[in-house]
Amino acid sequence: MRVLVSGGAGYIGSHTVLALLEHGHDVVIVDDFANSKPTVLGRLESLSGKHIPLHSFDLTDVDKTERLFDQEDIDAVIHFAGFKAVGESVAIPLEYYANNLGSTLSLCRAMARHDVGRLVFSSSATVYGDHAPVPYREDYQPLSAASPYGRTKVMVEQVLTDVAAAHEGWKVALLRYFNPVGAHASGQIGEDPQGIPNNLMPFIAQVAVGRRDKLDVFGDDYPTADGTCERDYIHVEDLAAGHVAALEHLDAMAAAVRPFNLGSGTGTSVLELFHAFERAIGRELPYDVVGRRAGDLPAYWADPTRAREELGWWTTRTIDDMCADTWRWQSQNPQGFPDA
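- The name an unreviewed UniProt entry gives the protein chain is UDP-glucose 4-epimerase, with Rudaeicoccus suwonensis as the organism.
- Its UniProt record, at the heading Subunit (unreviewed entry), says of the protein chain: "Homodimer."
- As its UniProt record puts it under Pathway (unreviewed entry), the protein chain is described as follows: "Carbohydrate metabolism; galactose metabolism."

Okay, structure coming up:
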């Protein structure tokens, strides 16, 4: 298939682009580089040995999105593009709703006009909100996220469900993934957050490489094994493989729209991940325990049964693999991707 990957220069998007190419698919990227850098493309082409067409614009631009589908022969879409910081979404909710909903609406209009009905959507475990029982299952209702970012995911899932119901033949996979970490085994691409990292692993990596003094651990009095929050971490390369599996399963889906959890099915605590990273680099790192952070849940993880049974997908990489690959990326690229 010839696959349009929106946000294909981003962290998860870039790894998925390589996985698609490795599986024999052709790829076209659209990315406005709001949260990524153009130098990613050169590394993707170097790693894959293939030219990757790139369109650089904001998908909320309806006219440019329409022209893209006029210019390119597209069989399917994997939609990553969107703002993704929970805390930032609380501060600037209008920007999140405008961007994440607007880009999806623009994309769906163009897909409908050009008879492109295969879509894999980058959703999130945040759609389960604060009250879903652990482990999270895809059949849980009602979806109720706790931040504007999460609510855009809930809304887009509903939009895509309605669109698929209105257009015969559409097939949509909603991939609800948990905590992506790690990097490509080459060390050439990885997570490069702009500004202060929002997630644990890149923060630890930046402490290890000397960009930050220490890690703040937000609370050690939760009802977990060591008192720190537990999350379901998934290697970004396993996650990329999940997108390929979902794409290749679309035509076989009985339902027009189907959600899938992409997670390991186990929880790892903050301190467990931190100490695994210390093992990866062979030395201890500084950290302080500080007060709890508002909104943090004690523990959650996926029930990945549906993805295993229907997509033939499951995680293969360990926490130690995730830390070793992250350190290879960060140590080779201490400041992240170079500017163009």
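**Comments concerning unusual backbone geometry**
Here is step 1 of the chain: The amide bond that connects Val-134 to the next residue, Pro-135, takes the cis arrangement and shows omega of 0 degrees.
Here is step 2 of the chain: With respect to the helices and strands, Pro-135 occurs in the loop between strand E5 (118-124) and helix H6 (148-166).
Here is step 3 of the chain: The omega angle of the peptide bond from Gln-141 to Pro-142 is 0 degrees, so this bond is cis rather than trans.
Here is step 4 of the chain: By the element assignment, Pro-142 lies in the loop between E5 and H6.
Here is step 5 of the chain: Notably, Phe-33 is not glycine yet its phi reads approximately 60 degrees, a positive angle.
Here is step 6 of the chain: Within the secondary structure layout, Phe-33 lies in the loop between strand E2 (26-30) and helix H2 (39-48).
Here is step 7 of the chain: We classify Phe-33 as buried; its relative accessible area is 16%.
Here is step 8 of the chain: Phi at Asp-115 is positive, roughly 55 degrees, even though this residue is not glycine.
Here is step 9 of the chain: Following the sequence through the fold, Asp-115 ends up in the loop between helix H5 (93-113) and E5.

**Topic: the domain arrangement of the protein chain**
Here is step 1 of the chain: Examined at the domain level, the protein chain breaks down into domain 1 (2-182 + 233-265) and domain 2 (200-230 + 266-308 + 318-332).
Here is step 2 of the chain: Each of domain 1 and domain 2 was reduced to a C-alpha centroid, and the two centroids are 25 Å apart.
Here is step 3 of the chain: The interface is formed by 24 residues belonging to domain 1 together with 20 residues belonging to domain 2.
Here is step 4 of the chain: Each partner contributes to the roughly 2,000 Å² buried at the junction of domain 1 and domain 2, and carbon and sulfur atoms together form 60% of this total.
Here is step 5 of the chain: For the pair domain 1 and domain 2, the number of links is one salt bridge.
Here is step 6 of the chain: If you look at where domain 1 meets domain 2, you find eight residue pairs in polar contact (both at pLDDT 80 or more).
Here is step 7 of the chain: The element that contributes the greatest number of residues to the side of domain 1 that touches domain 2 is strand E11 (residues 257-262), accounting for five residues.
Here is step 8 of the chain: Here the side of domain 1 that touches domain 2 is built from residues that sort into 10 nonpolar, eight polar and six charged.

The rules behind each value
- Residues numbered from 1 in each chain as written.
- Predicted model: local features only at pLDDT ≥ 70, side-chain atom pairs only at ≥ 80, totals over all residues.
- Heavy atoms only, no water.
- UniProt positions renumbered as here; feature names shortened; annotations may be inferred.
- Helix = DSSP H or I, 4+ residues; strand = E, 2+ residues; numbered from the N terminus.
- Buried < 20%, exposed > 50% of the residue type's maximum accessible area, 1.4 Å probe, protein only.
- Domains from an automatic or database assignment.
- Contact = heavy atoms within 4.5 Å.
- Buried area = accessible area lost by both parts, 1.4 Å probe.
- Salt bridge = Lys/Arg side-chain N within 4 Å of Asp/Glu carboxyl O.
- Polar contact = N/O pair within 3.5 Å; in protein donor to acceptor, adjacent residues only side chain to side chain.
- Nonpolar A, V, L, I, M, F, W, Y, C, P; charged D, E, K, R; others polar.

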